Structure formats: C-alpha cells, structure tokens
Amino acid sequence: MSEAQTQKAPGSDEIVTLIVKHRVKAGFEAAYEAWLRNIVSVAGRTEGHLGVDVIRGKNAGLDMFTCVLRFCSTEAMQHWLDSPQRQSLIDEAAPMLADGDQTEVNPVNEFWFAPLADAASPPPRWKQAVVSLLVILPHTLLVPLLWGPLLKLNAFLSNYLVATFLITLTIVVSVVYVCMPAATRLFAPWLTASQPREHLESNANSPR
C-alpha cells in the first residue's frame, strides 16, 4: 500500500476525501470489478466512512478506476488505510494493477470542479458557471437582508466598507465551506454526465 500524500491536514471534525486510483491490467477487468465490490462493502462497515463514488475511465489504453471515499475525520480515514483488512485486500489486488495502489488525501472543500480521474476532464465551464450561480445568487439576495437589522444597530457596523466586508465574508465562508461542496456533490451526475460513474453509498448509519 502506498502512503497517502496529505496536501492539507484537516481537523478531526472536517470531512476528508481519500482518492484511490487503480489502473487495471488487460484481461483482469471482471476480476477487478468483483474485488472492487468486495472492498467497497468492507470499507462501508468501517466507522466514520460516509460513502464512496467510483469513476471509470481510460488511461493509456487500460481501464482506470478512481474511487473517492469520504470519511468523517482524518483519524477515521487513517484507521481504514492502516487496517489489516485493507492491506490484505490490496495485496489480493496487486497482480491486477498496472501501477499499484495510488492514494491521495484532500479536504472535501478543495474538491469542487477538479477532475476525479486522470482520464477525466473538468466539467464544461458553462456547467461550472451554472452551479456557481445557483449557489452564489441566493447568498447575494439573502445575506444582506439577514445582516441588515444588525448593521443598523451600530454606526460603525453601518459604515459602507465595514458592512460590505461583513456581508462578503459571510458569503465567502458559507459558499466555500458549506454550500459549494454540497452543491458539487448534488450536481455531480450532471457535471460529469459524459463520464461513466457509479455511486456506491455505504450504509453509514447502520449499526457497526
């Protein structure tokens, strides 16, 4: 198992995304898919596992499978990476993989419109613009209304620059950390409509 390359260390209460890429040797496609179903089922029973998306593509003529697993914390993700169950399953898959087991770690809020597989391309810009508009427009309409009564309570807060800063800060924080990640997950089938994609939700709320 290769070591995950951590681009940023999320806090223990931040959803973290584990990206696993496997390029499958020719002739092993059916065996790998059966193996993949098994490891997804095993991962789904791991505490802190929130679900997984599987994206199928092509890379240098071979099938590429990109698995995007979500965990409730870095600790939960690391527990799965270090688990004997995963190590055993990765050893089982090794003969089927052209480049071994490739893993990366990303905070979920850095994962907006970036392609999830080497063979995939980002969504068309017009689709990115539509989703961004759907997220930002309600904020520009509602946030000033919500701040309005508070800004009128104090002369300093009602200053144009201060009021604009507070409203903009509220919009940016809400969009970046809450609404945009949720919107990209919600619209993922539409954003990546041209890419084969299988959504495999773990039974995250089932008893462990």
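Just above sits the structure.
None of the values given here were measured: they were computed from a predicted structure. (Residues numbered from 1 in each chain as written. Predicted model: local features only at pLDDT ≥ 70, side-chain atom pairs only at ≥ 80, totals over all residues. Heavy atoms only, no water.)

Draft legend 1. Spatial organisation of the packing of aromatic side chains. Scanning all chains against the criterion turns up four aromatic pairs. Taking 5.5 Å as the distance between ring centres and 80 degrees as the angle between the ring planes, the aromatic pair formed by Trp 126 and Trp 190 counts as edge-to-face. One end of the pair, Trp 126, is in helix H4 (residues 125-151); the other, Trp 190, is in helix H6 (residues 188-191), with 64 residues separating them in the sequence. Look at Trp 190 and you get partly exposed, because its relative accessible area is 32%. On the numbers, 6.4 Å between centres and 65 degrees between planes, the contact of Phe 187 with Trp 190 is edge-to-face. Across the ring face of Trp 190, the terminal group of Lys 127 is positioned such that the distance to the ring centre comes to 5.0 Å. (Phe/Tyr/Trp six-rings, centres within 6.5 Å; stacked < 30°, edge-to-face > 60°. Helix = DSSP H or I, 4+ residues; strand = E, 2+ residues; numbered from the N terminus. Buried < 20%, exposed > 50% of the residue type's maximum accessible area, 1.4 Å probe, protein only. Lys NZ or Arg CZ within 6 Å of the ring centre and 35° of its normal.)

Draft legend 2. Representation of the pattern of salt bridges within the structure. Within the structure shown, the criterion is met by five salt bridges. One salt bridge connects Arg 23 with Asp 99, and the closest N-O pair in it is separated by 2.5 Å. On the criterion of sequence distance, the pair formed by Arg 23 in strand E2 (residues 16-24) and Asp 99 in the loop between helix H3 (84-93) and strand E5 (102-107) is long-range, its members being 76 residues apart. The class for Asp 99 is partly exposed, based on a relative accessible area of 38%. Residue Asp 53 is joined to Arg 70 by a salt bridge in which the shortest nitrogen-to-oxygen separation is 3.3 Å. (Salt bridge = Lys/Arg side-chain N within 4 Å of Asp/Glu carboxyl O.)

Draft legend 3. Representation of empty space enclosed by the protein in the model. Overall, the coordinates contain one cavity of 30 Å³ or more when judged by the stated rule. In this structure, the largest cavity spans a volume of roughly 130 Å³. Along the walls of the largest cavity sit 15 residues, with Val 20, Leu 36, Ile 39, Cys 67 and Leu 69 positioned nearest its centre. Among the elements that make up the lining of the largest cavity, the one with the highest residue count is helix H1 (residues 29-44) (six residues). Looking at side-chain class alone, the lining of the largest cavity contains twelve nonpolar, two polar and one charged residues. (1 Å grid on protein atoms, 1.4 Å probe; cavity = no way out; pocket = protein on both sides within 12 Å on 5 of 7 lines; lining within 4 Å. Points joined across faces, edges and corners; volume = space filled by probe spheres on them. Nonpolar A, V, L, I, M, F, W, Y, C, P; charged D, E, K, R; others polar.)

Draft legend 4. Examining the side chain of His 22 more closely. Structurally, the position occupied by His 22 is in strand E2. Given a relative accessible area of 2%, His 22 falls into the buried group. One polar contact links His 22 to Asp 101, side chain to side chain, over a distance of 2.6 Å. Apart from residues no more than four positions distant in its own chain, His 22 is found in contact with Tyr 32, Trp 35, Asp 63, Met 64, Phe 65, Ile 90, Leu 97, Gly 100, Asp 101 and Gln 102. (Polar contact = N/O pair within 3.5 Å; in protein donor to acceptor, adjacent residues only side chain to side chain. Contact = heavy atoms within 4.5 Å.)

Draft legend 5. How the structure looks around the pairing of E2. In terms of burial, E2 is a largely internal element, nine of the nine residues being buried. The side-chain alternation of E2 yields two buried faces, one formed by Val 16, Leu 18, Val 20, His 22 and Val 24 and the other by Thr 17, Ile 19, Lys 21 and Arg 23.

Draft legend 6. A look at the environment of Glu 104. For Glu 104, the location among the structural elements is in strand E5. Each C-alpha atom, one on Glu 104 and one on Thr 17, is 8.4 Å from the other, the two residues being 87 residues apart in sequence.

Draft legend 7. Inspection of the nonpolar core at higher detail. Counting 27 residues, the largest nonpolar core has Leu 18, Tyr 32, Trp 35, Leu 36, Leu 69, Phe 71 and Trp 80 as its most contacted members. For this core, the elements supplying multiple residues, two or more each, are E2, H1, strand E3 (49-59), strand E4 (62-71), helix H2 (74-82) and H3. At seven residues, H1 tops the list of elements feeding residues into this core. Core analysis: the second largest hydrophobic core is formed by 13 residues, Leu 151, Ile 171, Met 180 and Ala 183 among them. (Core = buried A, V, L, I, M, F, W, Y, C linked by side-chain atoms within 4.5 Å.)

By themselves, these observations are geometric and do not establish any function.
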